[in-house]
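Now for the letters of each chain:
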Amino acid sequence: MSNPGEQDTTPIESIGQLAGLLADGGKPRERWRIGTEHEKFGFVLPAAAGPERAPWMPPPYAPDGIGEILTDLNRQDGGGRWEAIEDKGKLIGLKGIGSERGGSVSLEPAGQFELSGAPLASLHDTSHEMARHFEAIRPISRSLGIGFAPLGFHPMARRADMPWMPKSRYAIMRNYMPKVGTLGLDMMTRTCTVQVNLDFASETDMLRKLRVSLALQPVATALFANSPFYEGKPNGLLSNRAHVWTDTDNARSGMPLAFFDPSFGFEAYVGWLLDVPMYFIVRDGQILDVAGRSFRAWMKGERQEGLEGLVPTIGDFEDHMTTAFTDVRLKRFLEMRGADAGAPEMMLAQSALWVGLLYDDAALTAADALVRERDWADYVALRAAVPRQGLDAPWAGGVARDLAARMVAIAAEGLRARAVTDGNGRDESHLLAPLQAIAAGAPTQAEHWLERYHGAWQGDVSRIFAEAAV
């Protein structure tokens, strides 16, 4: 059994040592991989509803809830594929045995069920992985009276309706979040996202990919908007999930100006991260609450409550890296974090978009040139506009849809240049079809749901679950 205490105990000696940790993530092109992570809300099927289980509401951890799905999933594979991850005796995740990174199933704070995909060579592999995941959990969840729907923000539940998973880290964040923003608890419990993790070759390659993807992340937010409802009704937003991130914990979120400084690189990123307030550390298998403490001061040996007598380690820094929530997050790879969860074809399209933009030299050059047409401040302003206005947000004398069309076209060229084909001879560019349609004027997922709400659903938001179920 794994537990939260398994980490690198090497003492930290310098910022350069930590920068080297990131630099070690650089890989030659032939080793670049694609890791797709996606979350989905569980919901109680009407046939299984009762006094303690309202229809369409999120199921508990136990009994007959999300925790049981993890247990059954592990049992289904005969113990040969997964390593169980526990927190104080509670099963909180399954780690794929032998995976380089990812390849795991975990629970978000309110039981949002997440697949962290294994690092794969092609988007065709990603498609197969996603299909296998849904096929594996569908019979288990249905036997428990649970369905799953990937949506950006829970369309019906109040914050108080959301359960909390037995994960120590989440208890610390639950206590800390209201101190640094008004919407952090909503982020934790009522949002779902899809992200793709991509590799870089060097510091120079990392910086180019980071700046391109961070600048264009608001466009992705608009393309993948899939959360137009709040507690049963429209609230004037297309991506309520993106709106939540505007007031969650801005010291560790968003599009930091420092990332666009000419001197930015691994050491500068470490410097920025050392000034992000801490959440927790792990000692002797226990997660300790040190929320609000300074990692930089800890490295300097300054006394801070809860850290007395403790020496910061590489494992502590690796844990701390996971508490940065920028729209693109740097680890030993880059994480694209700006999109709402959505239909499987849209989640595949999210991975395809960024692979097409970043994994082909000509496409990356074109995307870099596109980004440089405007000032950084323009992209920050676009980030603020798209949760409500989506692709109709003003941009360069037109609207964001114009920028999206250029972005998707570059990605398509990049995927065609990769020339990675499936068994039918198709390259990966066909996975962009939903985005090409939206860029050409088709409704986003959020706009589609609003049309259904005002039309066929006759104002009954609960009908979204059956139509969005995977």
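Rules used in this analysis
- Residues numbered from 1 in each chain as written.
- Predicted model: local features only at pLDDT ≥ 70, side-chain atom pairs only at ≥ 80, totals over all residues.
- Heavy atoms only, no water.
- UniProt positions renumbered as here; feature names shortened; annotations may be inferred.
- Salt bridge = Lys/Arg side-chain N within 4 Å of Asp/Glu carboxyl O.
- Buried < 20%, exposed > 50% of the residue type's maximum accessible area, 1.4 Å probe, protein only.
- Helix = DSSP H or I, 4+ residues; strand = E, 2+ residues; numbered from the N terminus.
- Arc of directions from axis to C-beta.
- Contact = heavy atoms within 4.5 Å.
- Pairing = 2+ DSSP bridges.

An unreviewed UniProt entry annotates the chain as Glutamate--cysteine ligase originating from Gluconacetobacter dulcium. Listed under Catalytic activity (unreviewed entry) in UniProt, the entry text for the chain is "L-cysteine + L-glutamate + ATP = gamma-L-glutamyl-L-cysteine + ADP + phosphate + H(+)". Check the Pathway (unreviewed entry) section of the UniProt entry for the chain; it says "Sulfur metabolism; glutathione biosynthesis; glutathione from L-cysteine and L-glutamate: step 1/2."

Below, the discussion takes up the pattern of salt bridges. Per the stated rule, a full pass over the model turns up 25 salt bridges. Between Glu335 and Lys331 there is a salt bridge, and its shortest N-O distance comes to 3.1 Å. Taken as a pair, Glu335 and Lys331 share a single burial class, namely buried. What emerges from the salt-bridge pattern is a single network uniting Arg159, Asp186, Arg190 and Glu231.

Take helix 16 (residues 445-454) next. Residues of helix 16 that are buried include every one of Gln445, Ala446, Trp449, Leu450 and Tyr453, and no others. Mapping the buried residues of helix 16 onto a view down its axis gives an arc of 135°, with all of them on the same face. Turned more than 90 degrees away from the buried face of helix 16, the exposed residues are Glu451 and His454. The inward-facing, buried residues of helix 16 contact strand 8 (229-230), strand 9 (233-234), helix 11 (344-358) and helix 17 (463-468).

Relative to strand 3 (residues 90-96), strand 2 (residues 82-87) runs antiparallel, the two being bridged by six bridges. Following the sheet pairing, Ala84 is matched in strand 3 by Leu94.

Turning our eyes to something else, we now look at the pairing of strand 6 (residues 146-149). Judged by which residues are buried, strand 6 turns out to be covered on both faces: Ile146 and Phe148 on one side and Gly147 and Ala149 on the other are all buried. With four bridges joining them, strand 1 (residues 34-44) and strand 6 adopt antiparallel strand pairing. Within the sheet, the bridge partner assigned to Val44 lies in strand 6 and is Ile146.

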